[in-house]
Structure formats: structure tokens, C-alpha cells
Amino acid sequence: MSTTTDALGPTSGNGAAARIAEVAAPGPTTDPHPPRGVVHDVWVVARRGLVHMKRQPEALSDATIQPIMFVLLFAYVFGGAIDVPGGGNYREFLMGGIMAQTIVFTSFGVAMSLANDRKNQAVDRFRSLPIAKGAVLGGHAVANLIKAFLPIAIMSVTGLIVGWRIRGSVVDAVAGYLLMVAFAFAMIWIGVLLGSVVRTPEGVQGIAFVALFPLTFVASTFVPVASMPGPLQVIAEWNPITTLSDALRELFGNPNTPTAAGDPWSIANPVAYTWLWIIGIVVVCAPLSVRLYNRSIAR
Amino acid sequence: MTSALAIEAHGLVKRYGPKTALAGVDIEVPTGTVTAVLGPNGAGKTTAVRILTTLADADEGTATVAGFDVRRHPNEVRRRIGLAAQDATVDPLLTGYENLVMIGELHQLSRSEAKRRARELLEQFSLVDAADRVTSGYSGGMRRRLDLAATLVARPQVLFLDEPTTGLDPRARNELWEVLDTLVGRGTTLLLTTQYLEEADRLADDIVVIDRGKIIARGDARSLKRQVGGDNIGITLADDDLLEAAAGLLASCTGHEPVVDRPLRTVTAPTTDGVAGLAAVANALAEAGIRVEDLSLRQPTLDEVFLTLTGQAIDHDENALEEAHS
Ligand SMILES: Nc1ncnc2c1ncn2[C@@H]1O[C@H](COP(=O)(O)OP(=O)(O)O)[C@@H](O)[C@H]1O
Ligand SMILES: [Mg+2]
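Residues numbered from 1 in each chain as written. Chains lettered and ligands numbered in written order. Predicted model: local features only at pLDDT ≥ 70, side-chain atom pairs only at ≥ 80, totals over all residues. Heavy atoms only, no water.

Observations regarding the overall build of chain B
- Each helix and strand counted, chain B has 12 helices and 14 strands in total.
- Summarising its shape, the C-alpha atoms of chain B cover approximately 70 × 45 × 40 Å along the three principal directions.
- Counting all 326 residues of chain B, 52% fall into the buried class.
- Relative to all contacts within chain B whose residues are 6 or more apart in sequence, the contacts with residues 24 or more apart total 66%.
- Entry remark: accessible area of chain B is about 13,600 Å², with carbon and sulfur atoms responsible for 49%.
- Between the centroid of the 34 positive side chains of chain B and the centroid of its 49 negative side chains there is a distance of 8 Å. (Helix = DSSP H or I, 4+ residues; strand = E, 2+ residues; numbered from the N terminus. Buried < 20%, exposed > 50% of the residue type's maximum accessible area, 1.4 Å probe, protein only. Contact = heavy atoms within 4.5 Å. Areas by Shrake-Rupley, 256 points an atom, 1.4 Å probe, with all protein chains shown as cover. Lys, Arg positive; Asp, Glu negative; His and termini not counted. Charge placed at Lys NZ, Arg CZ, Asp CG, Glu CD.)

Shown next, in the form of C-alpha cells:
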């Protein structure tokens, strides 16, 4: 550690110590402040997470510029080379997949926040404060849910500009966005799980690159499953990212892979199958990941 | 608070795998007093602080802080304490102001009260100009100040400072000491850790000396110094032919066999008489007509304390290794 001058700053000396004591010593009336409840604490931590995003240029571009780039890239550069089986506009096919991918990456965001908290010792700082149980994880969850929906909103608008439309009913469209919220919520617990096991920002980035990213590509996110070779096709058919993409296409009334008689149940019922995954992840992962995380920070 | 003891810990044991970081430590700090935990790197100081501040669970033993059991009522403890960890833990992406407001809010202050406290503290710690800059751009000293301000947001009854002056220059250290004096004068209980006997002596009512997870000595500075042979009188001579004469003189004044360092032309011996002892030596030297380049009274260093208490030197290499691993 480097030697530091000016412990109390340039204006210290003459009475500075007394003035500090004046504002910092326990007064006769300073009772500890009563708890304001878990919602308050969650929101304080969440606000911090949002400020973090604002201050990290790369995270901010992940959430704003990148989704626009993705839509434009796939719509105009790759789009021409990809056929949607059963016809239909690729740009419209694309939107469901690209939204699904963004939602999946919520888990990455959560794991990154947790890893950065460890690195900066925010974990200890929080643990020394009288915070409601679960408020720190809750705050990360809320911040990352909000973070997930900024790009979704931006992509929706970009999509509208390049010709994507919601062609189904309003009820179905609402169900589509609801499905995204629910899936993002489930992804948070995957993120906490990841952040409990992989403890450095670099490690999280590595996992995202070797596991999360490929997983979003072995799916119907950008190309129809039918175009994939045998074994990959089977994985893709049961990959919940495929069914999330397909479910969104179905609910928004966009072109989708037409279902045939021999299709697996997942492909034939993408909405139901995706909800099953969401419920499964939340029921299994949420309690497990919270326990693992709490154990990982108690040293 | 009604309890006479702000901190009361009994038989604290903490193991990390095969390594025992704390091997049964008792600490009692009366309300409104200062206790210094003195020890070299790797002694277990941070581990003890972490247990007392609810950051770590002890494997054995009990601890009460501000009247509440750290294990059973951690949040009651947290509401009443402030902790400055060994490395400043301010949020690098938030501004100084945002850091303090957030900590105030998490201390359950209302948002407006937290903002008021933040402004007040930034002013007293001379951070007003930097208030709206993110702390990643702060100097080490500014970060330390903000960290200290953060620990004071909720006017804590019990303050824990883990090596607060390591790395500070003497002036900054003196200023911090002055602040701590005043805080304690107004009722704050303080537990600090340090590697400097001088700091412990300057601030603490009680000193706990710890080594390899065990308490090897405790008491007020005076009794502790008596145990380690008090201060040292050092004589540096202008030329070395009178070294033996000076050594004999020092021995007769202090009653201790001095250590002679020929290349440095110094003789050193412990004294329990402080300045009076120094004056006696000065007189004797003048009478004997021995020309002296330097004559000093200084406190033993931690190394010397440990040599006396444990009969062995601090193993700096091993500790450096451990630091790198932790
Ligand atoms: N999280 C940890 N995991 C493993 N060993 C640890 C951990 N924390 C501390 N130790 C070990 O416990 C001993 C005491 O450490 P510490 O309390 O940090 O000492 P100090 O603060 O006095 O330098 C050291 O040997 C250190 O290596
Ligand atoms: Mg330490």
C-alpha cells in the first residue's frame, strides 16, 4: 500500500477532530434506526446495480447498442442466407430468438454482479450492515430484471423499424412479454448459482463464453432447428432456449418452424414446455442457489 | 447501553481447513474505552475482527457486542457498530456522495436523512470537492477517509478499525489518532488492530498481544512495557574506542546488559525509568566525558516485543507468504 498524506484532508488540523467527533459520536439520543423492511433494502441495492450499469460503458453498450447491432446484423447481413421453413419473413422470425438470447444472458449479468461484489469486497461491506435477509440478492435480481428489459424494449423498437410486427392478439402479446419476465426471473437463479460456484469476473466471463453462448446458438434462436445436423438437432429440440424463441414467435404471431406430426413434445408445445422449465428452475435453483451463495460468502 | 462491557468474547476458535487462525481468544472491552489488538501479519487480528463484526462465524466460543450475541442477533450488532476493514471497501463505481447515501440508507436512515448525513460527513472529512466523482479515481488517502466516514454514518456505539494507519504517513496518522481520541472521549468504544506498539500505546487503554491465534500478553501499555523490559535507551558514539566504556556505564545505569553494535557504534539497553533513566545516562556520559553523536529513548518495536515475549523473532517470510495466499 502506498503511503498517504492528508488523512483528513487539506483543511484538517485546528479542531477538525472535534468537528468530526461532533457529527460521528454516539449521541444520547441515537437509538439505532428501526428496520425499514426488505422492499426498501432491495430497492437501495437495486439502485446501486443500475448506477453500476450506467457507469460501465461496456455493460451499457451490451444493453443498448448491442441489441440494435444484432437486429440489424441478422436482419440485413445474415438474413438473406437463412430460409424460414414454411416461408415467412426472416426478420420477423429473428425477433423471438434474439429476445430469448438477451433474456438468457440475464444470468450472466447476475453472476458478473456477484463476482464484482466479491472482488470489491462489497460482500463484506453489505454483511456488516443491518440489512434485511436476502435483500442483497434481491437487489441484484431486481436490477438485473430491469437491465434485461432495457434491451428488450430497445430491440422491440428496432424490430418495429425493420418491419417486425406483433401480428397476434393483444392477450397473446402480453403472454409473450410475461413469458420473458418469468424466464428472466428463472435466469436470475441460474446466475446466482453460477456466481456461487465461479467467483471471479474473469471466471464468469469464461463460463459465459464456453457454456452460455453456445447454448443460445444450439437452438432455434437464429436458424430453424431443422437445418441442424442430427445430434445437434436433438439437443436444440429440447433446449428451452429453442422453445422460448418458438413460444415468443407463436405468441407474437410471427413466422415459426411449422410443426409436423413426428415433432417432439417440446417443439409441438413450446409455451407449455418453456413454462415447465421456468417452474423447474425456480423450484430447484432458487433455494439451492441462495443456500450455495450464502455458504460461499460466509468465510 | 447498560452493559459495562461493549465487547465480550470468550474462547474464540476459528479454523480454515488445517490452519487454526484463532486458538481460543478472550477479549473484553469496557464501554467507552479503547483496546488495541497488537500482532504481526497472520496473527489472527482480522479474523478476530471479522467474528466480532458478524462477518465470520467462530467455530467455538461466544461473543457479545453492544450487548447482543453476534451469532444469534447479528443485525442488532450491525445496527450499533461501524467497521473499517483492512482494505477500504468503498464502491469504486459510485461517487463518494452516493457511497455514503447508500450506506446510510442500508443503516435504515430515511433517504433524506441519509443525504443529510452524507453531506455532513463529506464536509468534515474534506471530501466536498470530490463528492460527485466516482471513487475509482480517488487517491488512497481519499478512499481511506471515505471509508472511515462510511463507518461513522450511523454514529456507531462500537467502532472496529482493522489496521487503520498501516500505510499512512506520520502526519496523517497523528490526525487520525486525534479524531479517534475525540470520538472515544464522546463515548464511542473502539477496538483497533495494529502492528505498532507505539500506536497501541498512544491510543489504547488495554493492549492484547496476539501471535499465531493465541494471546501471548495483555494489559495496559505500562504493564506490557514492563513485561517486555520497557523502552530502549540507545547511544551512538562519535568513534568506537569508547564503546566498552559507554556499555559499562549504560549497564550500571539501567541494570541491564546492553547490546553492542560495533559497526554502527551503538549500545542499546532496556530501561523502565523512561525519561528519568535517559537523563541519568546523559549525566553519566557527560561526567565521563564520552562524546555522543546521538542519544535516544525509544519504544521497543513489535519485533523486539515478540522476541522478549516469545523468545523468537517474527517469521516475516512465512507471514509474507500467507498474506499472498489470503
Ligand atoms: N479465508 C481464509 N482462508 C484460509 N486461511 C485464512 C483465511 N483468512 C485468514 N486465514 C489465515 O488465518 C491466519 C490469520 O489471518 P488474519 O486474521 O488475516 O491475520 P492478521 O489480520 O493478523 O494478519 C493466517 O495464517 C491466514 O493465512
Ligand atoms: Mg489483517
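This is not the end of the story, as more comes after the structure.
Section: the sheet that holds strand E1 (residues 5-16) of chain B
Residue and element names in this part refer to chain B.
- The strand order E2-E1-E4-E5 describes an open sheet built from four strands, whose pairing is antiparallel. Looking at which strands have only one partner, the edges of the open sheet turn out to be strand E2 (19-30) and strand E5 (68-69).
- As paired elements, E1 and strand E4 (residues 60-65) share five bridges and run antiparallel to each other. Looking across to E4, one finds that Ala9 is bridged to Ala63.
- Sheet strands in contact with helix H1 (residues 45-52) are E1, E2 and E4, and its direction is about 120° off that of E1. (Pairing = 2+ DSSP bridges. Axes fitted to C-alpha atoms, helices over the stretch in contact; angles between N-to-C directions.)

Notes on helix H5 (residues 140-151) of chain B
- Its 12 residues place the ends of H5 of chain B 17 Å apart at the C-alpha level, agreeing with the 16 Å of an ideal helix rising 1.5 Å per residue.
- Counting buried positions along H5 of chain B gives 10 out of 12 residues, so the element sits mostly inside the fold.
- When H5 of chain B is considered as a whole, its buried residues turn out to be Gly141, Met142, Arg144, Arg145, Leu146, Asp147, Leu148, Ala149, Ala150 and Thr151 of chain B.
- Those residues of H5 of chain B hidden inside the fold are in contact with helix H7 (122-127) of chain A together with strand E6 (81-84), helix H3 (96-106), helix H4 (111-124), strand E7 (158-162) and helix H6 (170-185) of chain B. (Expected span 1.5 Å × (residues − 1).)

Some details on the domain arrangement of chain B
- Domain boundaries in chain B define domain 1 (5-225 + 313-324) and domain 2 (231-298).
- Relative to domain 2 of chain B, the C-alpha centre of domain 1 of chain B lies at a distance of 39 Å. (Domains from an automatic or database assignment.)

Considerations on the confidence of the model for chain A
- Looking at chain A, the pLDDT average stands at 87 and 94% of residues meet or exceed 70.
- Contacts of residues 1-5 of chain A to residues separated by more than four positions or lying in other chains number 17 contacts, the stretch itself having pLDDT below 50. (pLDDT = per-residue confidence, 0-100.)

Observations regarding the sheet that holds strand E12 (residues 259-261) of chain B
Residue and element names in this part refer to chain B.
- Pairing is antiparallel in the open sheet, where four strands are placed in the order E12-E13-E11-E14. Taken across any chain shown, the strands that pair with only one partner, and hence form the sheet edges, are E12 and strand E14 (292-298). Neighbour-to-neighbour, the strand axes of the sheet open up by a mean angle of 15°, direction not taken into account.
- With respect to the sheet, helix H9 (residues 243-254) is in contact with strand E11 (231-237), E12 and strand E13 (266-271), its orientation differing from that of E13 by roughly 5°.

Considerations on the interface of chain A and chain B
- At the junction of the two partners, chain A supplies 50 residues and chain B supplies 64 residues.
- Both faces combined, the contact of chain A with chain B buries some 5,500 Å², and carbon together with sulfur accounts for 55% of it.
- Summed over the three residues of chain A that lose the most area to chain B, namely Val23, Arg125 and Pro130 of chain A, the buried surface amounts to 14% of that side.
- As a salt-bridge pair, Arg55 of chain A and Glu98 of chain B come within 2.9 Å of each other at their nearest N and O atoms.
- Linking chain A to chain B there are 17 residue pairs in polar contact (both at pLDDT 80 or more).
- Ranked by residue count, the leading element in the side of chain A that touches chain B is helix H2 (residues 38-55) of chain A, at nine residues. (Buried area = accessible area lost by both parts, 1.4 Å probe. Salt bridge = Lys/Arg side-chain N within 4 Å of Asp/Glu carboxyl O. Polar contact = N/O pair within 3.5 Å; in protein donor to acceptor, adjacent residues only side chain to side chain.)

Re the pairing of E2 of chain B
Residues and elements named next belong to chain B.
- Sheet topology note: the E1/E2 ladder contains nine bridges and is antiparallel. Each bridged residue has a counterpart across the sheet, and for Leu5 the counterpart in E2 is Pro30.
- The hairpin turn running from E1 into E2, its antiparallel successor, is two residues long, and Gly17 in that turn takes a positive phi close to 60°.

Here we look at the coordination of the magnesium ion (ligand 2)
- Bound to the magnesium ion (ligand 2) on the protein side are Thr46 of chain B (OG1) and Gln86 of chain B (OE1), at distances that span 2.0 to 2.2 Å. A residue pair is termed long-range when its members are at least 10 positions apart, and Thr46 of chain B in helix H1 and Gln86 of chain B in the loop between E6 and H3 qualify at 40 residues. (Donors = N, O, S within 2.8 Å, 3.2 Å for Na, K, Ca; no water.)

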